Structure formats: structure tokens, C-alpha cells
Number of protein chains: 4
Amino acid sequence: MFEELRERVVAANLGLVEAGLVVLTFGNASAAERTAGVMAIKPSGVRYDELRPEDIPVLDIASGELVEGARRPSSDTPTHLVLYRAFASVGGVVHTHSPFATAWAQAQRELPCLGTTHADHFHGPVPVTRQLTPAEIDGDYEERTGAVILETFAKRRLEPLAVPAALVASHGPFAWGVTVEDAVENAVALEAVAASAYRSVVLAAELDAIPPELLEKHFARKHGETAYYGQPA
Amino acid sequence: MFEELRERVVAANLGLVEAGLVVLTFGNASAAERTAGVMAIKPSGVRYDELRPEDIPVLDIASGELVEGARRPSSDTPTHLVLYRAFASVGGVVHTHSPFATAWAQAQRELPCLGTTHADHFHGPVPVTRQLTPAEIDGDYEERTGAVILETFAKRRLEPLAVPAALVASHGPFAWGVTVEDAVENAVALEAVAASAYRSVVLAAELDAIPPELLEKHFARKHGETAYYGQPA
Amino acid sequence: MFEELRERVVAANLGLVEAGLVVLTFGNASAAERTAGVMAIKPSGVRYDELRPEDIPVLDIASGELVEGARRPSSDTPTHLVLYRAFASVGGVVHTHSPFATAWAQAQRELPCLGTTHADHFHGPVPVTRQLTPAEIDGDYEERTGAVILETFAKRRLEPLAVPAALVASHGPFAWGVTVEDAVENAVALEAVAASAYRSVVLAAELDAIPPELLEKHFARKHGETAYYGQPA
Amino acid sequence: MFEELRERVVAANLGLVEAGLVVLTFGNASAAERTAGVMAIKPSGVRYDELRPEDIPVLDIASGELVEGARRPSSDTPTHLVLYRAFASVGGVVHTHSPFATAWAQAQRELPCLGTTHADHFHGPVPVTRQLTPAEIDGDYEERTGAVILETFAKRRLEPLAVPAALVASHGPFAWGVTVEDAVENAVALEAVAASAYRSVVLAAELDAIPPELLEKHFARKHGETAYYGQPA
């Protein structure tokens, strides 16, 4: 069961390697099947070149119980589960330590919208979370990592599909999308945008965000009812 | 019809991927056939590894009407058309979000001529446009993007083949050439020059442009009647 | 004899090339076999693509004498030997001139723990040694390079497997592990962490280390009795 | 005639591409055969993937006259000839626009010796030339480019094989060696050292050169009668 789901999870994880977003066993991608109420995720600490569909654990989203698979799921699984529970429109989640996005997360700076590449994918700055408290870290750490992303989105009234990524302070990026393939694409776009923004602020330290009209225009070109980017469905 | 033109457009778009100038579906290359008054361009949102000559839309340059092909052309098509209409000597146009050129565009700094690599390809600084106004963004946005490049070239009295590229503020680079192959080469050179200039200003913040004699010498080595670079035709 | 050990040393050295940590003949990896009291190391100045198991010299750790192999061992062999003698738990040592770790070593700055990627691998900052004195350099230089690493670890009361790397001032990184495969992994992680930290301090010059709770949490996820990262043994 | 020489020149030029030192048709490598008094060099403006031994021009070093080959030699040929005439011990010359070495050249800063990687290859800072005067640029420009390298080495009393590279101000690096293979290796080492030095000065702006004892030790490990790096001849 869930064979196609597991194959897509393998492909998505390999996509992170091909895009240069992960080294060693850093990072993980998961995909949900909402009708069955499950998600499939990379097993913990397994090398990317050894991933096989039958190794991919499948978990019940509501309970977090293992439904299929003998391997232990990624240690970041509780973070993925929190995001799937809260973001009903999300079907795929990706976590990486990609170089430039991680640099912004470590610097505890939100990623400002400095250009149209950013606006094509993210409707405004990609937020950075607050630091977790010692109590949150000592407790159910990975679950709290998800919770602090939700808190950040609630405080800023952000829509998860309008800004499909967050930077966890002192940690790194999470990205998501309607499908896991979209989530990988958003993780790739996030890293490209983080790299250009890094170099832009080196060239012009006091750079403002792009005008709101330009942000709206580019985001609307690709998203929503007025989108005219891409081929008609 | 226009089979060779479409094949060249496919090859040029793949050349952008090979040179590391684009990821995902960012960027696009087009080629004109001036005798027929048409140009062929990447279809919108199609993955580079799925591009086939028969998918390449061909448009009338004067009217912007689709002449051949079932796919929707790149959303940046109106920008390309404006450039082809104004720059009669140009036969190919390339748009990328290449990392370092985009950083300069986002920083809204023109790319200064800091070395002979630059002077080999661009006869002076590569200009950055002004920001578009809200009215320009809300109206015919992509057409206005082309227009603001023309405005920049007119104000500075630049020849399009002497400075075959521009940085659109908060967006990214456009490059062009007599052929689409030249346009790709200029986009590759622009990115290399943008990277070296970035690192040069980090090492020496108040760096001046190279002496005018050195600029003239290098540009003239490769361009115009006194050129002695390359093999005799 | 020691055929498997030599094959692992070849594979580990090639792993440094594949990970982009070395160019030309820079760098070297060695592996110990503690029951026999020997270690095997890259021969000096041999190209990576010409390494064969039979070329790998095997040396007695206590005496430093050549046990097997006709090739001259790496000029850095005395540094490796000092580390094996002092760090009984270490079974592999790697030396590279990887770009970002070398930049921190040359800048004579310790590598601060700015994120969880760092904490996953290194239990606190990766220390930088003091400069060697002229007498140390003129004498048994490579042996003193090992000694200054030991001195740094002794002064700071560091455990070699808790912080499995050091930056030698004006030189570059050494990394180690229980096996040579672990040592390569730590060298890869060190370079990734050095790159993100470099960009983090560019974005936020006065950045503090991550909270101690977060450091403990991440290190303990992967190391020691409470580890829950990876698959059960 | 000179078939082996031409094949080595093709291989050396391809080595520059493989090492990431050149893009497009930037850069060139040449090799001398001193007994015949000739040198062979990349033809001007020919793509690297189209280089064939029979295309490589061979020139008389003393007169600069073409001895063999129908192609026009690199436009930088007069610079190579000046170096071969003055540096009798040099058998290969390489010119690139490699990213980091070019950044230092454009910033008109000499490349300081900040670590042992540098000291392994270059006995002290890699010098940067003065700017050429307008008269020098307007006259025999490429010949004067060689002459200003010689002037820089004469003023600083540098030995060409002790410091086998120079940065030409506002232009880029030249490297050389006893053979063209050594020259390529020195160009690769120069780029690696230029990258680490760039990042080192970002991390520590007022960084001093390494102590003279460390410079002497590392250079002497690899060069001269007391060398103990590499395998015995």
C-alpha cells in the first residue's frame, strides 16, 4: 500500500540532493495522502543513495502512529506532523540545511523580499521564528519546532500557501506546498532567493523591500485566479 | 516552418541551464528571424528538460500575434518584443535570474566596469533601470519592463550592441546579441563579470572604473573593424 | 596484509575529492587498526585519481616506522600519529584545506556554534590553535602541529569525540572520528558549518552562539546513550 | 612536428575548463620547447571543446613568427612571449580570468600569504602590477602587459619559480611553471588561495601575513634541495 506515495517521497528526497540543498544525511522530505490521513517521510539517518520505497515509513497524521514500514522515521517527524495538522492545504513538507537559507536562519533575520524571484514564490518576507525556550527545547523539541512555526504564522497572519516556507531560528528552513513536488520547488526557490538576497545586502546594506505593487504583480502572475504564468491546465 | 529557429531556441534555453544561469523554470531565451519578422521563445512554465522544438511558440514581432505553436509563450514575451522592435540589430534575447547579476539588480546598482573581462563584452557599465511606477506595474507590466530598458539606453545614449545587457531594478538581467547564441554568451559573461565585481568591491569598497583607454582597447580587440581577437572570418 | 584497511583509506581519500574538500594533492586521510597498532595513510604528493590500495603506506603508530608499502607517507604523517597516540578512541583522521574551514583557520577565529547543523556534529565551538613558535616550526614541525592541537584540547578540556575537529591557525582543519568514514563525514560537516557560519556573521556581525540547551539537545539527539537519530543498531 | 607539445597544450587548456578556471573562450595556456626555441599556444577565440592538436599554433619564441599551424594564436601571445624570453626556467604559461584571483586583480590588491596552502606554492605574496599608462595601452598592449609583470618582479626582486604567478591590475592572473602542467597546477592553487584569502579578510579585516618561519617551512617542504613532500624522483 501507499507505493506511489513512497516512490514520490524517495524522488523528492533525491531531488534535494540533486539541487544541492543537502549533504550527508541532512534534511528530509515528506508527502501526505489526505484521503487516507497519512504521510510518508524519509527514514532517520539513512543515506540518500540507499533510499528505497519499501524503507519509507508511513504514519497516521492524527495520531503519529506508524502505519507501514519497519524503519524509524526522521527525527524531525513531529515537526512535519504539526504542519500537516495545522495546514490542511499542504500535501508536502521539506526540511533542509541549505547553505544560504540556513545562514539567514542562523543570523535570525527574516528573508526580505528584494526582488521578483522572491515575489514569484513568496508573498512577502519569509519569516524567522523566535528562539525556543529552554523548556520547549527540553520537552517535546521537534513538536515545539512545528509549533513555533505556527505561532509565527498566526502572529503575522500569514497564509501557508502564500508564504510556503519559514526559517527556524538557529536551525534552518522548512518549506512546503500543495504537493511534495511543490515543496521541493519552494525549497529550491528559497535557497536561490536567500543567496541573491545575501549578496544584495552586501552590495547595499540598507536595502528596502520591493514596492508592494511589484510584489503583488509577480505573486499574482503565478498564483490564484488571475495567474497567467505557465500553461493552461 | 521555422524548425531551425525553434531548435536554436531549445538549444539556447538548455545553454542557460548548462551554464548554471537558471534553476527551475526561471529565465527564457528567444531568437528572431528578421526576414520573416518573427521571433521564437520558450513556452511559459515548461521545464527545461521537457523542451521540444515543436513546443516553441513563434510570434509576429510587430503584432505580437502567435504565428505557430500551441503553447502559451513565456510571460516575459512582451519584454522581448519591445527589445526586438527597438533594437533592429538584435537577433536574440535572454532573460535570467542568474545569482550575481540578480544581486546587483536587486541592490539597484549599475555594474561598474572593473576589469578587462567586463570590457571584452560590455563597453562601459551595465546600467540598472529605475523602478517601475505603480501605474506601470499595474498596467502592461512586461511591456513596461522592456520600455524602461529602452528609456535607460536612450537617456545614457547607449548602443545596444555596445552594451548588450541591462539590469532591471529589483528583478534581474536581460542580455542580447546579434544571434541568440551571442545573447547566451553575453548572459554568461555578464554573470562572470557580476561575480568578480561583487568580490572586487568587497575587497576594495571605493574602487574606480578601469581607465577609459583600457576599456576602449579591450572592447576594440573583440568588436568592430579593428578587432583582432578570434579567427579571421 | 591490511588490505581492507588500505582499501578504506583509498575510499576515504576519494571521498574528500567527491565532497569538494580537496583539489590537486592537498589533504590526506588515514585509518588506524588498533589491534595491530598500525595506521594507513595517503602517500605524499600522489594524485587522488592514481591512488591504489597497494600504494598506501602502513605505519606502526607507536614508533612511526613503516610496516608495509614502498611509498613515502604523507608529509603530515607525524601530525596524524600524535593524534592517534593521544586520542585512543579515534580510528580515522582527515586533513583538508577545504575552502571555508581554511578561511576561519587563516583568520585565526574559532568556529562558533551558530546553529543546529553545527550542534549535530560538534559539541561547542571548533577551536583554533595558537600559532606555532619559530622554534616549533624549525624543529619537528608536523609533530608540533599535532601537539598544538592536543594543547588546545587540554587547555579547553575538550573530548576528542565531542568536538571531532580543530582548526590549525594559518593552516587548515583536521577532523577525526571513531572510523575514517566518520572522520570524512565530520570533515564534510565542518566545511558545511564553516560556510554557513561565514555567511551568518556577514549577515549579523555580533551573533551569539546558540543557547546551551539547543546545543545539548542536538548533540544528544545524535550522540551518546540518549541518541534517537538514525536507525537502531 | 611538435605533436606532443601541441597535445600537451590541448590537455592543459582543457585542464583549465575542468578546474573551473575559465568559461566561454576566456583564458589560454601555452607550453615551450626550449631546445627548438618554440612555444605552442591556444588559438584565439576557439571554443575549448573544439580544440584539436592540429589547430595549435607554434611560434618561434625569439622572433614571435608563426612556425606551424594555420590558426591565429591567442591575442595574449605577446604577453606569453615576453615571459618566456625573460624567464628562462619557465616552460609553461597560463592566463585565466578565474573568479577570485580576478577579484583581487580588479581590486588592485596583492594577494597576501595568509596560510600554508599559499606558502606551499608561492614564496610570499602574489604581486599585483601597476596600471598600464595610456601610452602603453595604446601601443603594443599585450607586450606591455608582459613587460609590467617583469617590471613588478624586478622591483621586488622576485624569482619567477619562487612566486610563479602575478596579478595584472584590472585584468586577471598569469601563472607559470617549469612545465605547462606545473603552470596549470599553479593557476589552480592560485585560485584556491585567492578564494580562502578573500574569505579570511572578510572574517578578519586586519589580518597579517603568516610568520616568515612558517612561509619558509612550507615552501621548503615542496621546493628545493630540502624538499620532503612527494615521492623521491
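Residues numbered from 1 in each chain as written. Chains lettered and ligands numbered in written order. Predicted model: local features only at pLDDT ≥ 70, side-chain atom pairs only at ≥ 80, totals over all residues. Heavy atoms only, no water.

(A) Spotlight on the relation of the copies chain D and chain C. For the match of chain D to chain C, the screw axis carries a shift of 0.0 Å, the RMSD comes to 0.0 Å, and the turn is 90°. Considering both components of the superposition, the chain copies are consistent with a four-fold axis. The position closest to the rotation axis in chain D is occupied by the C-alpha of D:V202, lying 5.7 Å away. The residues that chain D uses at the interface reappear at the interface of chain C in only 6% of cases, marking distinct surfaces. (Least-squares fit on C-alpha atoms with pLDDT ≥ 70 in both. Contact = heavy atoms within 4.5 Å.)

(B) Looking closely at the relation of the copies chain C and chain A. When chain C is fitted to chain A, the residual RMSD is 0.0 Å, and the transformation amounts to a turn of 90° plus an axial shift of 0.0 Å. A share of only 6% of interface residues in chain C that are also interface residues in chain A marks the association as one of differing surfaces.

(C) Region of interest: the interface of chain C and chain A. Contact with chain C, which involves 32 residues of that partner, is made by 34 residues of chain A. Of the roughly 2,800 Å² buried between chain C and chain A, counting both surfaces, carbon and sulfur atoms make up 57%. When the buried surface of chain C facing chain A is broken down by residue, C:R199, C:L203 and C:Q231 rank first, second and third, together holding 24% of it. If you look at where chain C meets chain A, you find two salt bridges. Close ionic contact of A:D76 with C:R221 constitutes a salt bridge, the shortest N to O distance being 3.4 Å. At the junction of chain C with chain A, the criterion picks out 16 residue pairs in polar contact (both at pLDDT 80 or more). For the side of chain C that touches chain A, the secondary structure elements donating two or more residues are helix 4 (116-121), helix 7 (180-203) and helix 8 (212-222) of chain C. Take the side of chain C that touches chain A: its biggest share by element is 11 residues, from helix 7 of chain C. Within the side of chain C that touches chain A, the residues separate by chemical class into 16 nonpolar, nine polar and seven charged. (Buried area = accessible area lost by both parts, 1.4 Å probe. Salt bridge = Lys/Arg side-chain N within 4 Å of Asp/Glu carboxyl O. Polar contact = N/O pair within 3.5 Å; in protein donor to acceptor, adjacent residues only side chain to side chain. Helix = DSSP H or I, 4+ residues; strand = E, 2+ residues; numbered from the N terminus. Nonpolar A, V, L, I, M, F, W, Y, C, P; charged D, E, K, R; others polar.)

(D) Spatial organisation of the arrangement of the chains. Chain B shows no contact with chain C. Their nearest C-alpha atoms sit 11 Å apart. Chain A shows no contact with chain D. Their nearest C-alpha atoms sit 11 Å apart.

(E) Inspection of the side chain of A:E68 at higher detail. Note that A:E68 resides in strand 4 (residues 66-68). Setting aside anything within four residues of it in sequence, one finds A:E68 in contact with A:M1, A:F2, A:R6, A:I56, A:P57 and A:V58.

(F) A look at the pattern of salt bridges. According to the stated counting rule, one finds 56 salt bridges over all chains in the structure shown. When the shortest N-O distance is used, the salt bridge between B:E110 and B:R156 registers 2.8 Å. On the criterion of sequence distance, the pair formed by B:E110 in the loop between helix 3 (99-107) and helix 4 (116-121) and B:R156 in the loop between helix 6 (141-155) and strand 6 (165-168) is long-range, its members being 46 residues apart. Overall, the relative accessible area of 36% leaves B:R156 in the partly exposed class. Residues D:E68 and D:R6 are paired through a salt bridge, measuring 3.2 Å at the closest nitrogen-oxygen approach. With D:E68 in strand 4 (residues 66-68) and D:R6 in helix 1 (residues 3-18), this pair connects stretches of sequence that are 62 residues apart. Both residues of the pair, D:E68 and D:R6, count as buried. Ionic contacts of the salt-bridge type, sharing partners, join the residues A:R130, A:E136, A:E143, A:R144, A:E151 and A:K155 into one network. (Buried < 20%, exposed > 50% of the residue type's maximum accessible area, 1.4 Å probe, protein only.)

(G) Region of the structure containing a negative patch on the surface. Residue and element names in this part refer to chain B. Taken together, E3, E4, E7 and E33 make up a surface patch of like negative charges. The element best represented in the negative patch is helix 1 (residues 3-18), accounting for three residues. With respect to the helices and strands, the residue E7 is situated in helix 1. (Patch = residues over 30% accessible without salt bridge, like charges linked within 9 Å, V, L, I, M, F, W, Y side chains within 5 Å. Areas by Shrake-Rupley, 256 points an atom, 1.4 Å probe, with all protein chains shown as cover. Lys, Arg positive; Asp, Glu negative; His and termini not counted. Charge placed at Lys NZ, Arg CZ, Asp CG, Glu CD.)

(H) How the structure looks around the pairing of strand 2 (residues 38-41) of chain A. Residue and element names in this part refer to chain A. Residues V38 and A40 point to one face of strand 2 and M39 and I41 to the other, with burial holding for every one of them. Bridging between strand 1 (residues 28-33) and strand 2 involves four bridges; their strand directions are antiparallel. Counterpart to A31 in the pairing with strand 2 is A40. Hairpin geometry of strand 1 and strand 2 is characterised by an intervening segment of four residues between the two adjacent antiparallel strands and by a positive phi of about 70° at G37. Summarising the sheet, strand 2 and strand 3 (residues 58-60) pair through three bridges and their orientation is antiparallel. By the bridge assignment, M39 is partnered in strand 3 with L59. (Pairing = 2+ DSSP bridges.)

(I) Structural view of the packing of aromatic side chains. Scanning the entire structure with this criterion turns up 16 aromatic pairs over all chains. Grouping aromatic residues by their ring pairs yields a cluster made of A:F87, A:F153 and A:W176. Note that B:K42 overlies the ring of B:Y48, its terminal NZ or CZ placed 4.8 Å from the centroid. (Phe/Tyr/Trp six-rings, centres within 6.5 Å; stacked < 30°, edge-to-face > 60°. Lys NZ or Arg CZ within 6 Å of the ring centre and 35° of its normal.)

(J) Expanded view of helix 6 (residues 141-155) of chain A. An ideal rise of 1.5 Å per residue puts 21 Å on 15 residues; helix 6 of chain A measures up with 21 Å between its terminal C-alpha atoms. Turning to helix 6 of chain A, its buried residues number three or more, namely A:Y141, A:E142, A:T145, A:G146, A:A147, A:V148, A:I149, A:T152 and A:F153. On its buried face, helix 6 of chain A is in contact with helix 2 (77-86), helix 5 (134-138), strand 6 (165-168) and strand 7 (172-177) of chain A together with helix 4 and helix 8 of chain C. A:R157 lies just past helix 6 of chain A and shows a positive phi near 55°. (Expected span 1.5 Å × (residues − 1).)

(K) Broad picture of the sheet that holds strand 6 (residues 165-168) of chain D. Residues and elements named next belong to chain D. Spatial ordering of the open sheet is given by 4-3-2-1-5-7-6, a layout of seven strands whose pairing is antiparallel. The open sheet has two edge strands, strand 4 and strand 6, and neither has a second partner. Direction aside, neighbouring strands of the sheet carry axes that sit 25° apart on average. (Axes fitted to C-alpha atoms, helices over the stretch in contact; angles between N-to-C directions.)

(L) View of the sheet that holds strand 3 (residues 58-60) of chain C. Residues and elements named next belong to chain C. The strand order 4-3-2-1-5-7-6 describes an open sheet built from seven strands, whose pairing is antiparallel. Two strands bound the open sheet, and with one partner strand each, they are strand 4 (66-68) and strand 6 (165-168). In this sheet, adjacent strand axes meet at a mean angle of 25° when their direction is disregarded. Most of the contacts of helix 7 go to strand 7 (residues 172-177), to which it runs at about 140°, and overall it touches strand 1 (28-33), strand 5 (92-95), strand 6 and strand 7.

(M) Expanded view of unusual backbone geometry. Residues and elements named next belong to chain A. Its identity is not glycine, yet F2 carries a phi of approximately 60°, on the positive side. Relative to the helices and strands, F2 is located in the segment before helix 1 (3-18). Taking the relative accessible area as the measure of exposure, F2 reaches 13% and is therefore buried.

(N) Layout of helix 7 of chain C. The terminal C-alpha atoms of helix 7 of chain C lie 35 Å apart, and with 24 residues this matches the ideal 34 Å at 1.5 Å per residue to within 8%. Burial runs high along helix 7 of chain C: 19 of the 24 residues are buried.

(O) Local environment of the interface of chain D and chain C. Of the residues lining the interface, 32 residues belong to chain D; the matching set on chain C comes to 34 residues. In this assembly, chain D packs against chain C so that about 2,800 Å² is buried in total across both faces, 57% of it on carbon and sulfur atoms. The largest per-residue losses of area from chain D upon contact with chain C belong to D:R199, D:L203 and D:Q231, which jointly make up 25% of the total buried on that side. Viewed at the interface, chain C and chain D are joined by two salt bridges.

(P) Main features of a nonpolar patch on the surface. There is a patch of nonpolar side chains on the surface, built from B:V202, C:V202 and D:V202 and spanning about 160 Å² of accessible area. Structurally, the position occupied by C:V202 is in helix 7. Under the relative-accessibility criterion, C:V202 is labelled partly exposed at 31%.

(Q) Examining the environment of C:E18 more closely. Residue and element names in this part refer to chain C. Mapped onto the elements of the fold, E18 is located in helix 1 (residues 3-18). Its relative accessible area of 71% is what places E18 among the exposed residues. For the pair E18 and A233, spaced 215 residues apart in sequence, the C-alpha separation works out to 28 Å.

(R) Quick look at the environment of B:E216. Considering the arrangement of structural elements, one finds B:E216 in helix 8 (residues 212-222). Separated by 140 residues in sequence, B:E216 and B:D76 place their C-alpha atoms 34 Å apart.

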